[in-house]
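# Tertiary structure, described
Chain residues, written in single-letter form:
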Amino acid sequence: MTGTTVKVPVRGGVGESTMRPDGIPKVTGNFAFASDLYADGMLWGATRRSPVAHGRIRRVDIGAALAMPGVVAVLTQADTAGRRTFGLEEADQPVLAAGAVRFWGEPIAVVAAHDPDTARRAAAAIGVDIEELPPLSDPEVAVEQGSVVRHIRIRRGEPDASGAVVVEGYYEVGQQDQAPLGTEAGLAIPDGEGGVDLWAVSQWLHADHEQIHLSLGVAPDQVRCHPVGVGGAFGSREDMSMHIHLCMLALRTGRPVKMVYDRAESFTGHVHRHPARMWYRHEANEDGALVKVEAKIILDGGAYASTTSAVIANAAYFAVGPYRVDNVSVDGYGARTNNPPAGAMRGFGAVQACFGHESQMDRLAARLEMDPLELRRRNALGSGDPNATTGQIIEGSLPTVRVIDELAAIPVPDPADPADVRNRPGGTGLTTDPGDIRRGIGYALSIKNLAFSEAFDDSCEASVILTPMGAEVRTAACEVGQGLAMVCQQIARTALGLNHVAVVFTDTSEIGSAGSTSASRQTQMTGGAVLKACEELRDRILTEHGGDDLTDDGVVRGGEVVATLAELCASGPIEHRVVFRHPETFSTDENGQGAPHADFAVAAHRAVVDVDPELGLVRVVRVDTAQDVGTALNPMSIRGQIEGGIMQGLGLAVMEELVLDEGRMLNANFTDYLLPTFADAPDVECRLVEEPGLWGPFGAKGVGEPPTISSTPAVVAAIRDATGLELIRAPVRPEHIVLP
Amino acid sequence: MEIVRPTTLDDALAARDALPGADLLAGGTDLMVEVNFHHREPEHVIALRRVSEIAGWEGRRIGAGVTWTRMEKGPLRALAQLSRTVGSPQIRNAGTIGGNIGTASPAGDGLPYLAALDAEIEVASAGRGVRRLRWDEFLVGVKQTALRPDEIIIAAILPEVMPVAEEFAKVGVRNAMVISTVSACVMRMPDSTWRIALGSVAPTVIRARRAEELLGTTAAPRGSLLAEVADAVAAEVRPITDHRATEAYRRHASGVLVRRLVGRCAA
Ligand SMILES: Cc1cc2nc3c(=O)[nH]c(=O)nc-3n(C[C@H](O)[C@H](O)[C@H](O)COP(=O)(O)OP(=O)(O)OC[C@H]3O[C@@H](n4cnc5c(N)ncnc54)[C@H](O)[C@@H]3O)c2cc1C
């Protein structure tokens, strides 16, 4: 068929604030999350966990549990057919503990039963006899004793360099939890041939797959990990939780097995952000130019390695922040203790370091009697500069000065009506009269690497299929609520010139790894793979048919349609599959020097707070930001990331902390682990600074992590401004203000 | 689990008599949390929402089934203020004063109001009929009351003489959905005496008697007297350190809150 056609630009392409395909189902309750999974005849699983932080297991007695009516299986480490440990970077964590328990809440046995209640009771009925040992709960002591997952040492420039002005500081960051609203959930279904299909919350299906088949002791193709609806992740789904347990139970019972952690178990069942202790020394000239930065950073990695080695590397590589300094010395230690394991969380090491370096920049500005933004502007790192720690030349865009200037240009509106108590510290608690309030303003900047670093082969596969209807994108990347389906759709529409694009998330047997949904990387990586696949497919079709354009009508040559989509697909859909990689990264040398990173992004935050100093109550009035986004593929979605990231950063600044006592969590629930509510939400104005990046699709950079990183130190800086206190710890608690 | 749903007080009391181990369910905003945490696994539940005799609020008599949402819109200033701080709109629509009294948490936000007023708690049983206990006879420890296994809380009874000024405030680390780290209710009475009650600073809600004495009948306390009152309150509360706040902070905040509330109630 032929006919004339008029070129109509695609709708919902790159740069538009399109709606998410999963948006309406999620808001109306029609979206199936992992906790909604169901299979006929399924059993329910439950986990028996360690009641102590450290101990020797003398005996595990499953007899009473197995004898309970409705209980089908009780498994311990002896039932692990393959590798008995797992882990993302180092397989050091037992699938089920035997011999020793190393953290409070460590899984010891799992149960499958006819209903969740029976499963829970049976887990409780398992006899666990443990000789309790003193836990190693202080990360400083751990480092002294050499209990360290990784020590990273950075030495650059002259150790003897000195500046006229010196500021030193010690800082701490408490343990934040990702606290995703959807708890861990999954369903494993045996395939009847010794293999298993797993649907469980994840950020990286292929990494799960690899670890699962090793522990089950089955061939790789006998395990298939499928995508599911994930109710938030923030790093907590990068490590597995119940995954191997579910597969073991399904294979043992020959029946589908489902598990859902309740809120308390979720807190113990996933890794947390690393708490930090940091010692800093900055030296500068009278004009504010940084001369030397020295830092020692200890992150508490807890009982198992998880991603600690990468997190401590990030903390060390970004210990200085987005500033030029020639002389740098950093020692980063990822400690191994008997605290709950720490791993990935939004900001991944840069969060902790940022609290340190930004607190220092404010101290330096105060000492120099210089405007805090001016000090930062003078030292701003830019494209072409060497990163202060590694010496890596920043090749792509790095608009540090622009984010500072754009932030400064956002006006501070008049304070919200103080007659409305909800705008005051203490809110409807009516603690605070207008006369009790002092206002403060604080600033912070951050820098973060994007995508994987340190010579990791960060490959990402995606496929695009042309059908008579349009195109279908297929990927095993995990949509965890960040909007990946939407951005893939936008990229494919623009790249192909087609309006009808569907995105299908598929399992590990069908397609290669997309890498993790973390490190702010999926828009750049899966987005990059989708762009590459679409461009190559379009070229291939146009070349084959001698066309000069592709539209919804088909291949066009000189304004004439020469082949419709249906004709193109006469002998079946046309698939094009690609693997995308970002520019190579490298390991650093023994001095931490080299080029470990693929790309960088900077952000700047300004917080305005009202403080009631006498009661120590804080109302974060507003947090404004300018962020380096490369190219804004979907401005509305970026705003969503920014507002959410600021809430999470605010949480760490003033309320979110897991409180441990000798390794035991005291507040593993939403009554006492406080997340900011809408009554605590600040107003946010954001400026998206667009300087296209080196290799992301259309110049896009990852945007997920930066909003969380510098918002925390900005809020704390504002509280310092209001109170005149040093405040060396985040989160700031009322007693830190009242009784410093 | 079996649920009994009486519609009259007599039926409710009869059910209570017949099922002494049963849990009473009002709004469920405390009970269901305990069930979710597996701290309680009720075999029998007596649901009280349909019992009309405890649902009403007439003058000084606030039925056990009256919700925070109603009290928030009611005429009693401090009661409305404290009701507004409870949980979220959903919790306030379901949660009741009777449930707050029944739970008897030291952090129960309705309790400082009842303590400041010297209110009574009216309870009834099928066998012994009705009795009234003053708040401090009823609230005997952390989550412990003088309620007998066959009794139901019927109402909170407020006194004849009501304050000329009353103010409530509550300190929490976030601005909604938060358990009090310190709460306080201050009242100035027609005879010019003062009433001061605090929550979350002792095993039960308490009165700050020493501070009340210091204030005497001063209608508009100022300067050094206010400071003395704050110190007296800080000294006489008996708080603990836990993961929510330190003892020192709770003492300090108790004094500050009371000082501010006295200022607001001053003539
Ligand atoms: C998210 C959330 C936020 C909350 N925030 C606050 C807050 O800010 N301040 C605060 O004070 N509380 C708060 N609470 C606790 C709770 O809402 C209150 O204590 C509420 O008043 C309980 O009332 P209820 O009707 O829901 O009680 P229920 O849960 O139904 O019952 C509570 C207890 O009292 C007993 N009981 C109920 N009625 C009677 C009766 N008539 N006679 C005898 N015993 C009875 C029950 O058996 C049970 O033991 C919160 C709870 C939640 C879940």
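Reading the values: rules and limits
- Chains are numbered independently. Their residues run from 1 in the order of the written sequence.
- Here chains are named by letter from A upward and ligands by number from 1 upward, in the order in which they appear as written.
- Given that this is a predicted model, residues contribute local features only at a pLDDT of at least 70 and side-chain atom pairs are listed and counted only at 80 or more, while totals for whole chains, interfaces and linings are drawn from all residues.
- Here a strand is any run of E in DSSP of at least two residues, a helix any run of H or I of at least four, and the numbering for each starts at the N terminus.
- The globule rule used for comparison is 2.2 Å times the number of residues to the exponent 0.38, while the radius of gyration itself is calculated over C-alpha atoms.
- Three classes are used. A residue is buried when 20 or more other C-beta atoms lie within 10 Å of its own, exposed when 12 or fewer do, and partly exposed in between, with C-beta atoms placed from the backbone.
- Throughout, a pair of residues is in contact if the C-beta atoms placed from their backbones lie within 7 Å.
- For helices, the fitted line uses only the C-alpha atoms of the stretch in contact; every axis is such a line through C-alpha atoms, and the angle between N-to-C directions lies from 0 to 180 degrees.
- Any angle between 65 and 115 degrees counts as roughly perpendicular, while under 35 counts as roughly parallel, over 145 as roughly antiparallel, and the rest as oblique.
- Rotating anticlockwise by less than a right angle from the far helix to the near helix defines a left-handed crossing, while the corresponding clockwise rotation defines a right-handed one.
- Only the C-beta atom matters for this test: placed from the backbone, it must lie within 6 Å of a molecule or strand for the residue to be near it.
- Each residue gets one label: Ala, Val, Leu, Ile, Met, Phe, Trp, Tyr, Cys and Pro are nonpolar, Asp, Glu, Lys and Arg are charged, and the others, such as Gly, are polar.
- Start and end points for every domain follow an automatic or database-based domain assignment.
- Two strands qualify as a pair provided DSSP detects at least 2 bridges between them.
- Each nonpolar core comprises buried Ala, Val, Leu, Ile, Met, Phe, Trp, Tyr and Cys residues, the members being joined through C-beta atoms within 7 Å.
- Starting at the helix axis, one direction is taken to each C-beta atom, and the arc is that of these directions.
- Every residue is assigned a pLDDT by the predictor, reflecting its confidence on a scale from 0 to 100.

## Quick word on the overall build of chain B
For chain B, the helix and strand inventory stands at 11 helices and 14 strands. Its C-alpha atoms give chain B a radius of gyration of 19 Å, near enough to 18 Å, the size a compact globule of 267 residues would have. Principal axes of the C-alpha set define a box for chain B whose edges measure 60 × 40 × 30 Å. Within chain B, the proportion of its 267 residues that are buried is 50%. Of all intrachain contacts in chain B linking residues separated by at least 6 positions in sequence, the fraction that spans at least 24 positions is 64%.

## Quick word on the overall build of chain A
Helix and strand counts for chain A come out as 18 helices and 32 strands. Against the 2.2 N^0.38 benchmark of 27 Å for 740 residues, chain A shows a C-alpha radius of gyration of 27 Å, consistent with a compact globule. Its C-alpha atoms give chain A principal-axis dimensions of roughly 75 × 75 × 60 Å. Sequence separation of 24 or more characterises 81% of the internal contacts of chain A that already satisfy a separation of 6 or more.

## Quick look at the packing of helix α15 (residues 635–654) of chain A against helix α17 (residues 711–723) of chain A
Residues and elements named next belong to chain A. Running from amino to carboxyl end, α15 crosses α17 at an angle of 50°, the nearest separation of the two axes being 7 Å. In terms of orientation, α15 and α17 fall into the oblique class. Viewed along their axes, α15 and α17 form a crossing whose handedness is right-handed. Taking contact as the criterion, the partners of Gly645, Ile646, Gly649, Leu650, Leu652, Ala653 and Val654 in α15 are, on α17, Ser711, Thr712, Val715 and Val716.

## As for the site of the ligand
Around the ligand lies a shell of 31 residues, among which Ala26(B), Gly27(B), Gly87(B), Gly99(B) and Gly102(B) are the nearest. Residue classes in the shell around the ligand are distributed as 15 nonpolar, 13 polar and 3 charged.

## Digging into the domain arrangement of chain A
Residue and element names in this part refer to chain A. Splitting chain A by domain gives domain 1 (3–31 + 459–581), domain 2 (34–134 + 178–269) and domain 3 (276–452 + 589–738). Placing the centre of domain 1 and that of domain 3 at their C-alpha centroids yields a distance of 36 Å. The partner domain 3 presents 22 residues to the 22 residues of domain 1 that form the contact. Elements represented by at least two residues in the side of domain 1 that touches domain 3 include exactly α12 (484–496) and α13 (522–545). It is α13 that provides the largest number of residues to the side of domain 1 that touches domain 3, a total of 6 residues. Of the residues assigned to the side of domain 1 that touches domain 3, the class counts are 7 nonpolar, 13 polar and 2 charged.

## Quick notes on the sheet that holds strand β28 (residues 617–628) of chain A
All names here are of chain A. Spatial strand order, β19-β27-β28-β31: 4 strands in an open sheet with mixed pairing. Taken across any chain shown, the strands that pair with only one partner, and hence form the sheet edges, are β19 (438–449) and β31 (683–689). Across the sheet, the mean angle from the axis of one strand to that of its neighbour is 15°, orientation sign disregarded. One ladder, built from 7 bridges, connects β28 with β31; its direction is parallel. Paired with Asp628 across the bridge in β31 is Val689.

## Examining the interface of chain B and chain A
Of the residues lining the interface, 25 residues belong to chain B; the matching set on chain A comes to 25 residues. Mapped onto the side of chain B that touches chain A, the elements with two or more residues apiece are α4 (77–85), β11 (165–171) and α11 (247–265) of chain B. Sort the elements by how many residues they give to the side of chain B that touches chain A and α11(B) lands first, with 6 residues. Along the lines of polarity and charge, the residues of the side of chain B that touches chain A split into 14 nonpolar, 7 polar and 4 charged.

## With respect to the nonpolar core
It is characteristic of soluble globular proteins that their nonpolar side chains tend to be buried jointly. Counting 311 residues, the largest nonpolar core has Val111(A), Cys247(A), Ala492(A), Val530(A), Val609(A), Val715(A) and Val258(B) as its most contacted members. In this structure Val715(A) touches Gly442(A), Ala607(A), Val609(A), Val620(A), Val623(A), Leu650(A), Ala653(A) and Val654(A), once residues within four positions along its chain are discounted.

## A look at helix α1 (residues 9–18) of chain B
Those residues of α1(B) that fall on the buried side of the exposure criterion are Ala12(B), Leu13(B), Ala15(B) and Arg16(B). Viewed along the axis of α1(B), the buried residues span an arc of 160°, placing them on a single side of the element.

## A look at helix α3 (residues 116–125) of chain A
Within α3(A), the full set of buried residues consists of Thr118(A), Ala119(A), Arg120(A), Ala122(A) and Ala123(A). Looking at the packing, one finds that the buried side of α3(A) touches β2 (43–49), α2 (63–67), β4 (71–75) and β8 (107–113) of chain A.

## Details of the confidence of the model for chain B
Model confidence for chain B is summarised by a mean pLDDT of 96, while 100% of its residues fall at 70 or above. Confidence metrics for the complex model read pTM 0.97 and ipTM 0.96.

## Here we look at the sheet that holds strand β2 (residues 23–25) of chain B
All names here are of chain B. Spatially, the 3 strands line up as an open sheet ordered β1-β3-β2, and their pairing is parallel. Each edge of the open sheet carries a strand with a single partner, namely β1 (2–4) and β2. Strand-to-strand twist across the sheet, computed as the mean angle between neighbouring axes with direction ignored, equals 30°. Here 3 bridges tie β2 to strand β3 (residues 44–47), and the two strands are oriented parallel to one another. For Leu24, the partnering residue across the bridge sits in β3 and is Ile46.

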